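Residue strings, one per chain:
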Amino acid sequence: MAYMTLKDIDVRYDKKKQVLKGLNLEVKEGELVSLLGPSGCGKTTTLRVVAGFIEPECGVFSIDGEDLTKVPVHKRNFGIVFQSYALFPHLNVYDNVAFGLKMRKLDKEQIDRKVRNILEVCGLAEFDHRFPQQMSGGQRQRVALARALVIEPKLLLLDEPLSNLDAKLRINMRMEIKRIQKKLGITTLFVTHDQEECFSISDKVAVMNQGVIEQFDTPENIYQRPDTEFVARFIGFENFLTLNKACK
Ligand SMILES: Nc1ncnc2c1ncn2[C@@H]1O[C@H](COP(=O)(O)OP(=O)(O)OP(=O)(O)O)[C@@H](O)[C@H]1O
Ligand SMILES: [Mg+2]
């Protein structure tokens, strides 16, 4: 049973080139699905539609059968880590992470327990009083992740959330994301350029090409049984046999 559904989504920026072309995607509850594809194919745009930053020209986005296509961002209750989705510069790390819980009017002790726990998980316990401008890019990314995870959202949207981290930290953080995601059963859409990261973390992978999904399958099947030449080439196969009349 699908939990999150994108149905026949069309998006055009400035009434010009069509960026998403009747895109369809069905994600089950608790699944981690990655969007993989070349630069400009529409991955971030897809996440923007799901987050509610843009409304599609046509098509429907729904969760659990409820049509959310026209529901504004702040009413969707999703955890979002976009590269452009900045931290609040005037709040320290603790308050940045606590923000969503305060908005939800949790009591002080509950907030403190949840914030301390997630800061610990993200390796930020000692940074609780720092302000964003006093931190490295990778540390800020982890604050953004902590802020998204702490509200235990029903949907988590991650657009290159680990791009500023060094290799070792990146592997640790991706294991943490996976662990927390599984523990809390959060349905997740993940965008990465790193294929190894994508294949290791995902339950399923959607390979995108020019505004459509070419193949949606498990990492094993994408790798072992690519449906199209585009998918095969994208994941790195280089030799193709052309079966034409001469072969008969
Ligand atoms: N605000 C915008 N206005 C006009 N065109 C846009 C806008 N945002 C994105 N585009 C165009 O839409 C297309 C899809 O962009 P999108 O950001 O979704 O790609 P992407 O798959 O996330 O790429 P990348 O891997 O480089 O992040 C691109 O051709 C891009 O130039
Ligand atoms: Mg992008």
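Up top you'll find the structure we're talking about.
Residues numbered from 1 in each chain as written. Chains lettered and ligands numbered in written order. Predicted model: local features only at pLDDT ≥ 70, side-chain atom pairs only at ≥ 80, totals over all residues. Heavy atoms only, no water.

**Student:** What am I meant to see in the side chain of Glu197 here?
**Tutor:** Here Glu197 lies in helix H6 (residues 195-201). A distance of 3.0 Å separates the side chain of Glu197 from the side chain of Thr192, its partner in a polar contact. Not counting residues up to four positions away in its chain, the partners in contact with Glu197 are Leu162, Arg170, Arg174, Phe190 and Thr192. (Helix = DSSP H or I, 4+ residues; strand = E, 2+ residues; numbered from the N terminus. Polar contact = N/O pair within 3.5 Å; in protein donor to acceptor, adjacent residues only side chain to side chain. Contact = heavy atoms within 4.5 Å.)

**Student:** Can you help me understand the site of ligand 1 in this one?
**Tutor:** In the vicinity of ligand 1 there are 14 residues, among which Ser39, Gly40, Lys43, Thr44 and Thr45 approach most closely. Between an oxygen atom of ligand 1 and a side-chain N or O atom of Thr44, the distance comes to 2.8 Å. Note that an oxygen atom of ligand 1 is positioned 3.0 Å from one of the side-chain N or O atoms of His193. Isolated, ligand 1 exposes 630 Å² of accessible area, and the fraction of that covered by the protein chains is 63%. The biggest single contributor to the shell around ligand 1 is helix H1 (residues 43-51), with 4 residues. (Near = heavy atom within 4 Å. Areas by Shrake-Rupley, 256 points an atom, 1.4 Å probe, with all protein chains shown as cover.)

**Student:** Looking at this structure, I do not really get the sheet that holds strand S1 (residues 2-12). What am I missing?
**Tutor:** Consider a sheet: its strands pair through backbone hydrogen bonds, and that pairing is either parallel or antiparallel. Taken in spatial order, the 4 strands line up as S2-S1-S4-S5 in an open sheet, and their pairing is antiparallel. If you trace the sheet from one side to the other, it starts and ends with strand S2 (18-28) and strand S5 (66-67), each paired once. Alignment of S1 against strand S4 (residues 58-63), held across 5 bridges, turns out to be antiparallel. Looking at S4, one finds that Asp10 is bridged to Cys58. (Pairing = 2+ DSSP bridges.)

**Student:** Any chance you could explain the pairing of S1 here in plain terms?
**Tutor:** For a regular strand, side-chain orientation follows a simple rule: the groups alternate between the two sheet faces. Of the pairings in the sheet, the one linking S1 to S2 comprises 8 bridges and is antiparallel in character. Pairing of Ala2 across the sheet is with Lys28, part of S2.

**Student:** Mind showing me how you'd approach the packing of aromatic side chains here?
**Tutor:** On inspection of all chains with the given rule, the structure shows 5 aromatic pairs. Ring plane angle 90 degrees and centroid distance 6.3 Å describe the contact between Phe61 and Phe78, whose orientation is recorded as edge-to-face. Remark: Phe78 occurs in the loop between S5 and strand S6 (79-81) and Phe61 occurs in strand S4; sequence separation between them is 17 residues. Across the pair, Phe78 and Phe61 agree in class, each one buried. Sitting over the ring of Phe88, Arg147 keeps its end group 5.1 Å from the ring centre. (Phe/Tyr/Trp six-rings, centres within 6.5 Å; stacked < 30°, edge-to-face > 60°. Buried < 20%, exposed > 50% of the residue type's maximum accessible area, 1.4 Å probe, protein only. Lys NZ or Arg CZ within 6 Å of the ring centre and 35° of its normal.)

**Student:** I'm lost on the sheet that holds strand S3 (residues 32-36) in this one. Help?
**Tutor:** Strand order across the open sheet formed by 6 strands is S6-S7-S8-S3-S9-S10, with mixed pairing between neighbours. Among the strands making up the open sheet, the edge pair consists of S6 and strand S10 (212-217). Between one strand and the next, the sheet's axes are offset by a mean angle of 15 degrees, whatever the strand orientation. The pairing of strand S9 (residues 204-209) with S10 spans 5 bridges and is classified as antiparallel. From the neighbouring strand, Val207 faces S10, where its bridge partner is Gln215. Running at roughly 150 degrees to strand S7 (residues 155-159), H1 makes contact with S3, S6, S7, strand S8 (187-191) and S9 of the sheet. (Axes fitted to C-alpha atoms, helices over the stretch in contact; angles between N-to-C directions.)

**Student:** What am I meant to see in the packing of helix H4 (residues 137-150) against helix H5 (residues 167-184) here?
**Tutor:** What describes two packed helices is the angle between their axes and the distance between those same axes. Direction vectors running N to C along H4 and H5 enclose 0 degrees, while the axes themselves pass 12 Å from each other. The pairing of H4 with H5 is recorded here as roughly parallel in orientation. Here Arg142, Leu145 and Leu149 of H4 lie close against H5, whose contacting residues are Leu169, Met173, Ile177 and Ile180. Of the residues contributing to the contact of H4 with H5, the split by class is 6 nonpolar, no polar and 1 charged. (Parallel < 35°, antiparallel > 145°, perpendicular 65-115°, else oblique. Nonpolar A, V, L, I, M, F, W, Y, C, P; charged D, E, K, R; others polar.)

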